[in-house]
Amino acid sequence: MSEALQAVGRTRGMGELIDVEGKVTEIAPFGRTLAELAHERPEIVGLTADMGRYSDILPFRDAHPNRFFNVGMAEQNLIMIAAGMSKAGKIAYCTTYSVFITRRAYDFVSIACAHSMANVKIFAGMPGLVNGYGATHQATEDINMMRGIADLTIIDPCDATELKQVVRAVADIPGTVYVRSLRGKVPVELGSDYQFEVGKAKVIREGRDVGVISTGYMSARARDAADAAAGQGVDAAVLHVSTIKPFDKETVLSFAQRFDRLIVAENHKTTGGLATLVVEALYEAGIMKPLIKIGLADSFFECGSQEYLEAKYQVDLPHFMRAIVEGR
Amino acid sequence: MSTLNHPPENPDIRALKGRALSLRRKMLNMASGKGEGYIAQGLGMADCLAALYFHELRYDPADPRWQDRDRFLLSTGHYSIAMYAVLAEAGYLDETELPTYGLNGSRLPMSTFDDIPGVEIVGGSLGHGLGQAVGMAMALKVDGSPARVFCEFSDGELQEGSTWEAAMGAATFKCDNLVGLIDCNGIQADGPVTVKIDPVADKFTAFGWDTVEVNGNDMEALVSALANARKQDGRPKAIVMRTTPGFGVPTLMARERAHFVRVDNSEWDSLKAELEKENV
Ligand SMILES: Cc1ncc(C[n+]2csc(CCOP(=O)(O)OP(=O)(O)O)c2C)c(N)n1
Ligand SMILES: [Mg+2]
């Protein structure tokens with residue numbers, strides 16, 4: 001057996017981020033917050049498609065067993081049932097992995113949910129390259145796909161703090177919402193003063209030299225990389241765009257104006273996601289600046305641990321550092 | 001009309017059971033190397049795979065793309081441990097490669113992909129097998145090929161709409177060269193099967209399939225169900241297999257959360273010892 005093959009760490013809980021080492025974490029922030037919120041909001045129901053354990057919705061099931069429904073491994077039915085329940089007065093929170101929502105149930109999300117502004121809140125597990133089971137489980141184009149659906153809100157939270165705020169906020173966002181959820185031990189990255197607002201990008205680190213525009217947990221990594229880069233004399237600012245749709249063009253443009261060079265980072269392909277949105281907005285506004293994309297190529301990806309995959313596909317901390325410090 | 005590939009009569013049940021034991025050993029070795037895996041499903045499927053690869057299927061490991069080979073589609077990509085074991089046993093894979101199961105950079109990941117010799121489809125996203133099996137069966141008929149198509153799928157996959165679309169298609173297109181092997185092991189990701197899927201056999205019968213139900217860990221029963229499935233009567237064949245997750249290793253059979261098994265390094269040795277004890 002080659003050395004590369006032997007060098008495996010023990011797997012973390014399925015879908016837990018690698019960025020937990022040495023960080024404060026919270027367990028199952030999605031399900032625990034939903035369980036709390038549902039005490040205040042009797043119209044909330046929770047659904048899963050045989051992914052209750054792996055999507056963290058079990059705290060809700062335990063607290064509200066009569067409002068929890070496991071429809072079995074049937075993602076299309078999950079979304080149709082959620083749409084139907086919302087049309088009968090419920091707010092339907094549903095969970096499975098991102099891939100199975102986006103690829104299998106797309107038509108139903110689009111028509112049964114978004115077109116009717118149905119009160120369906122989709123918490124999609126393991127977005128991007130988080131899952132080690134290869135292309136079948138890696139939702140590396142989910143933003144691209146879901147962006148194509150009119151009237152759908154798309155949110156990519158950074159950490160446990162934001163995810164908890166999002167769980168509450170979506171109950172009051174009209175229509176259908178797609179959230180790239182985080183599971184297991186989720187790191188706490190943002191300060192206690194952070195306040196999620198739908199449709200608003202927020203600067204989470206100030207800086208002078210480079211502007212990083214990022215989303216999801218990549219925003220925390222961008223901040224970590226910026227902190228480290230400061231030691232090498234480069235001062236990077238980080239704009240966290242947690243709502244992908246509607247896209248906060250105004251904040252992104254005024255942020256971009258301030259820097260000579262830009263980096264866009266996302267846990268997604270560099271085609272069709274945040275980078276595409278940013279480039280479109282910049283071009284339309286006549287802003288031309290050097291821009292590096294940190295994200296995934298237009299490809300199918302291998303199986304393996306998150307450490308292994310992120311290094312292989314060049315989205316790990318060293319690549320962030322290189323982009324910030326060396327501009328390549 | 002085409003003549004189907006025909007396996008020999010008079011199966012050697014003792015030899016097939018020996019193959020099943022060898023598969024189980026390989027699977028336990030793989031899972032202990034990785035420290036985890038979908039071992040319970042693999043152990044449950046070992047008898048079926050032994051019957052298929054060492055009695056029923058016509059194939060040539062030296063020529064995995066042989067046009068007239070019988071196809072075996074593993075729809076449950078997460079059962080890869082079972083697939084790799086049988087591919088090694090059958091000569092498609094080198095046994096020395098098995099310990100790389102699930103490791104970074106390995107050709108044998110936790111889910112099956114069709115670049116592995118002997119693997120026909122990309123598994124992992126469930127509910128993909130049966131429809132593709134129907135397509136292969138239809139194309140082979142168009143070509144007058146003697147090859148048959150065998151598709152394994154699970155009780156979890158009976159919950160996906162795509163499975164039933166495919167089931168209707170198979171009957172519509174008279175795929176009597178197609179055999180569905182339904183692994184009803186009673187579990188899925190969140191625990192025991194949650195959806196009312198029974199009566200499975202009656203459902204397939206109603207959909208126009210020639211259906212039998214067997215104990216999927218009974219070699220004689222499996223072999224005779226496979227013999228029945230050779231009939232060319234215009235109907236697709238379904239074999240509903242009731243299997244026991246972890247079969248052959250009592251501790252795993254008794255385990256409540258069997259969908260994904262992760263145990264301590266030291267425990268794997270005692271699981272291996274249990275398997276040997278069961279088979280003295
Ligand atoms: C389309 C799809 N939905 C969900 C999953 C996640 N998943 C992986 S295994 C599994 C359970 C499926 O049931 P079954 O095959 O009967 O499981 P087992 O017997 O192995 O426990 C689920 C839901 C998947 N791989 N594909
Ligand atoms: Mg099952």
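Thresholds, definitions, all that
- Residues numbered from 1 in each chain as written.
- Chains lettered and ligands numbered in written order.
- Predicted model: local features only at pLDDT ≥ 70, side-chain atom pairs only at ≥ 80, totals over all residues.
- Heavy atoms only, no water.
- Helix = DSSP H or I, 4+ residues; strand = E, 2+ residues; numbered from the N terminus.
- Buried < 20%, exposed > 50% of the residue type's maximum accessible area, 1.4 Å probe, protein only.
- Near = heavy atom within 4 Å.
- Polar contact = N/O pair within 3.5 Å; in protein donor to acceptor, adjacent residues only side chain to side chain.
- UniProt positions renumbered as here; feature names shortened; annotations may be inferred.
- 1 Å grid on protein atoms, 1.4 Å probe; cavity = no way out; pocket = protein on both sides within 12 Å on 5 of 7 lines; lining within 4 Å.
- Points joined across faces, edges and corners; volume = space filled by probe spheres on them.
- Domains from an automatic or database assignment.
- Pairing = 2+ DSSP bridges.
- Axes fitted to C-alpha atoms, helices over the stretch in contact; angles between N-to-C directions.
- Contact = heavy atoms within 4.5 Å.
- Salt bridge = Lys/Arg side-chain N within 4 Å of Asp/Glu carboxyl O.
- Nonpolar A, V, L, I, M, F, W, Y, C, P; charged D, E, K, R; others polar.

Looking at unusual backbone geometry
Of all residues except glycine, most have a negative phi; of all peptide bonds, most are trans.
(1) Moving on: Residue A:Pro246 is reached from A:Lys245 by a cis peptide bond, and omega for that bond is 0°.
(2) Moving on: Along the chain, A:Pro246 turns up in the loop between strand 12 (243–245) and helix 11 (249–257).
(3) Moving on: Cis geometry marks the peptide bond from B:Asp198 to B:Pro199, where omega comes out at 0°.
(4) Moving on: The topology assignment puts B:Pro199 in the loop between strand 6 (191–192) and helix 6 (200–206).
(5) Moving on: One non-glycine residue with positive phi stands out, namely A:Asp50, at about 60°.
(6) Moving on: Looking at the element boundaries, A:Asp50 is found in the loop between strand 2 (44–48) and helix 3 (52–55).
(7) Moving on: Residue A:Asp50 is classed as buried on the basis of its relative accessible area, which comes to 4%.
(8) Moving on: If you check the backbone angles, A:Asp56 has positive phi at about 75° while not being a glycine.
(9) Moving on: Relative to the helices and strands, A:Asp56 is located in the loop between helix 3 and helix 4 (58–63).
(10) Moving on: A residue is classified by how much of its surface remains accessible, and A:Asp56, at 6% relative accessible area, is buried.

Some remarks on the site of ligand 1
(1) Moving on: Taken together, 22 residues surround ligand 1, and among them A:Glu75, B:Gln41, B:His78, B:Ser154 and B:His259 come closest.
(2) Moving on: Neighbouring residues of ligand 1 are not confined to a single chain but are spread across chains A and B.
(3) Moving on: Here B:His78 contributes a side-chain N or O atom positioned 2.7 Å from an oxygen atom of ligand 1.
(4) Moving on: Between ligand 1 and B:Ile187, the relevant distance is 2.9 Å, taken from an oxygen atom to a main-chain nitrogen or oxygen of the residue.
(5) Moving on: Elements with a minimum of two residues in the shell around ligand 1: helix 6 (98–104) of chain A together with strand 5 (187–188) of chain B.

Observations concerning the UniProt feature "domain: Transketolase-like pyrimidine-binding" (unreviewed entry) in chain A
(1) Moving on: Listed under "domain: Transketolase-like pyrimidine-binding" (unreviewed entry) in the UniProt record, and renumbered for this structure, are residues 24–188 of chain A.
(2) Moving on: In residues 24–188 of chain A, helix accounts for 40% and strand for 21%; the two terminal C-alpha atoms are 6 Å from one another.

Concerning the layout of surface pockets
(1) Moving on: The volume enclosed by the second largest pocket comes to roughly 530 Å³.
(2) Moving on: The wall of the second largest pocket is formed by 22 residues, among which A:Ala135, A:Thr136, A:Phe301, B:Phe113 and B:Val122 lie closest to the centre.
(3) Moving on: Viewed by domain, the lining of the second largest pocket spans two of them, domain 1 (4–187) and domain 2 (202–325) of chain A, each represented by three or more residues.

Notes on the sheet that holds strand 8 (residues 237–242) of chain B
Strand pairing within a sheet occurs via backbone hydrogen bonds; the two strands may be parallel or antiparallel.
All names here are of chain B.
(1) Moving on: Taking strand neighbours across the sheet as the criterion, the 5 strands line up as 2-3-4-8-7 in an open arrangement whose pairing is parallel. Of all the strands in the sheet, the pair left with one neighbour each is strand 2 (71–74) and strand 7 (210–215). Across the sheet, the mean angle from the axis of one strand to that of its neighbour is 20°, orientation sign disregarded.
(2) Moving on: As defined by bridge partners, strand 2 adjoins strand 3 (residues 149–154) across 4 bridges and the pair is classed as parallel. Along strand 3, the bridge assignment pairs Phe-72 with Phe-150.

Quick look at the interface of chain A and chain B
(1) Moving on: Across the boundary between the two partners, chain A contributes 33 residues, which contact 36 residues of chain B.
(2) Moving on: Across the contact surface, chain A and chain B share 1 salt bridge.
(3) Moving on: In this structure, B:Glu160 engages A:Arg104 in a salt bridge whose closest nitrogen and oxygen atoms are separated by 3.1 Å.
(4) Moving on: Remark: the boundary between chain A and chain B carries 15 residue pairs in polar contact (both at pLDDT 80 or more).
(5) Moving on: When contributions to the side of chain A that touches chain B are tallied by element, the ones reaching two or more residues are helix 1 (3–6), helix 3 and helix 6 of chain A.
(6) Moving on: With 3 residues, helix 3 of chain A is the largest single contributor of residues to the side of chain A that touches chain B.
(7) Moving on: Looking at the side of chain A that touches chain B, its residues break down into 16 nonpolar, 10 polar and 7 charged.

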